[in-house]
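Here are the chains, one letter per residue:
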Amino acid sequence: MLPIPKWAQKYLKFRECPYCEQPTTLRGVTGLGVREQKDEETGTVSYVLTIEYVCCACEKKSVFLGQPEDGANHLDIVESILEALIRNESSQKSLPGKGNSSKISKKEVDDLLKVLNNAKSFDEVLKYIGANREPLEQDDEEANNPDQ
Ligand SMILES: [Zn+2]
């Protein structure tokens, strides 16, 4: 499950799976991205948030689109995705002794965007926000130590 930006939740909440009509839940989000949309008539380019969704009932994948505020560009959308990810990460880590400032400062976001712009891979970004996936070593260890 991936956290989706607050502004975009209404584009997934109270909708239904296009395959089985099961009501959607925020838990089914498996992907977040940006899509470019070009108006065929005017040639104007705009951007929307893509929300990849896997239905918990029929397990089929569909994509919902979130329409950002007027004038929001692709970077604004990416920024809001990152904010949601960071907020989610920091709410799961309970750091003792630190103040409960859950609000992300502008500088933190700027730093993050800098990393994003310079990162060669998405893994680097994940590492930066402390969300890098551990390899499967732990699973191996468990496999080597069956119930005793
Ligand atoms: Zn379904």
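Residues numbered from 1 in each chain as written. Predicted model: local features only at pLDDT ≥ 70, side-chain atom pairs only at ≥ 80, totals over all residues.

## Some remarks on the overall build of the chain
Here is the rule: Counting from the N terminus, the helices are DSSP H or I runs at least four residues long and the strands are E runs at least two residues long. Partly exposed residues are those falling between the two cut-offs: more than 12 but fewer than 20 other C-beta atoms within 10 Å of their own, whereas 20 or more means buried and 12 or fewer means exposed, with C-beta atoms placed from the backbone. By the convention adopted here, residues are in contact when the distance between their C-beta atoms, placed from the backbone, does not exceed 7 Å.
From N to C terminus, the chain includes four helices and three strands. Ordered by position from the N terminus, the helices and strands of the chain form the series β-β-β-α-α-α-α. Across the 148 residues in the chain, those meeting the buried criterion constitute 14%. Expressed as a percentage of contacts within the chain between residues at least 6 apart in sequence, the contacts between residues at least 24 apart total 54%.

## Here we look at the confidence of the model for the chain
Segments scoring low in pLDDT should not have their predicted coordinates read at a detailed level. To keep things clear, this is the line we draw: pLDDT measures the predictor's confidence residue by residue and takes values from 0 up to 100.
When pLDDT is averaged across the chain, the result is 82; 76% of the residues are at 70 or more. Per-residue pLDDT, averaged within each element of the chain, yields its smallest value for helix 4 (residues 137-144) (51) and its largest for strand 3 (residues 61-66) (97).

## Quick look at unusual backbone geometry
Of note in this structure, F14 is not a glycine but carries a positive phi near 60°. Residue placement: F14 occurs in the segment before strand 1 (29-38). Despite not being glycine, E21 shows a phi value in the positive range, around 65°. With respect to the helices and strands, E21 occurs in the segment before strand 1. Assessed through the 11 C-beta atoms surrounding it within 10 Å, E21 is described here as exposed.

## Observations regarding the pairing of strand 2 (residues 45-54)
The cut-off we apply is this: Paired strands, in this sense, are two strands between which DSSP finds at least two bridges.
Direction of pairing for strand 1 relative to strand 2: antiparallel, over a ladder of nine bridges. Note on strand 2: the bridge partner recorded for R35 is V48. Two successive antiparallel strands, strand 1 and strand 2, enclose a turn made up of six residues, where G43 displays a positive phi of approximately 80°. Relative to strand 3, strand 2 runs antiparallel, the two being bridged by six bridges. Across the sheet, the residue bridging to I51 is F64, located in strand 3. Counting the residues between successive antiparallel strands, the hairpin from strand 2 to strand 3 contains six residues, one of them, E59, with a positive phi of roughly 60°.

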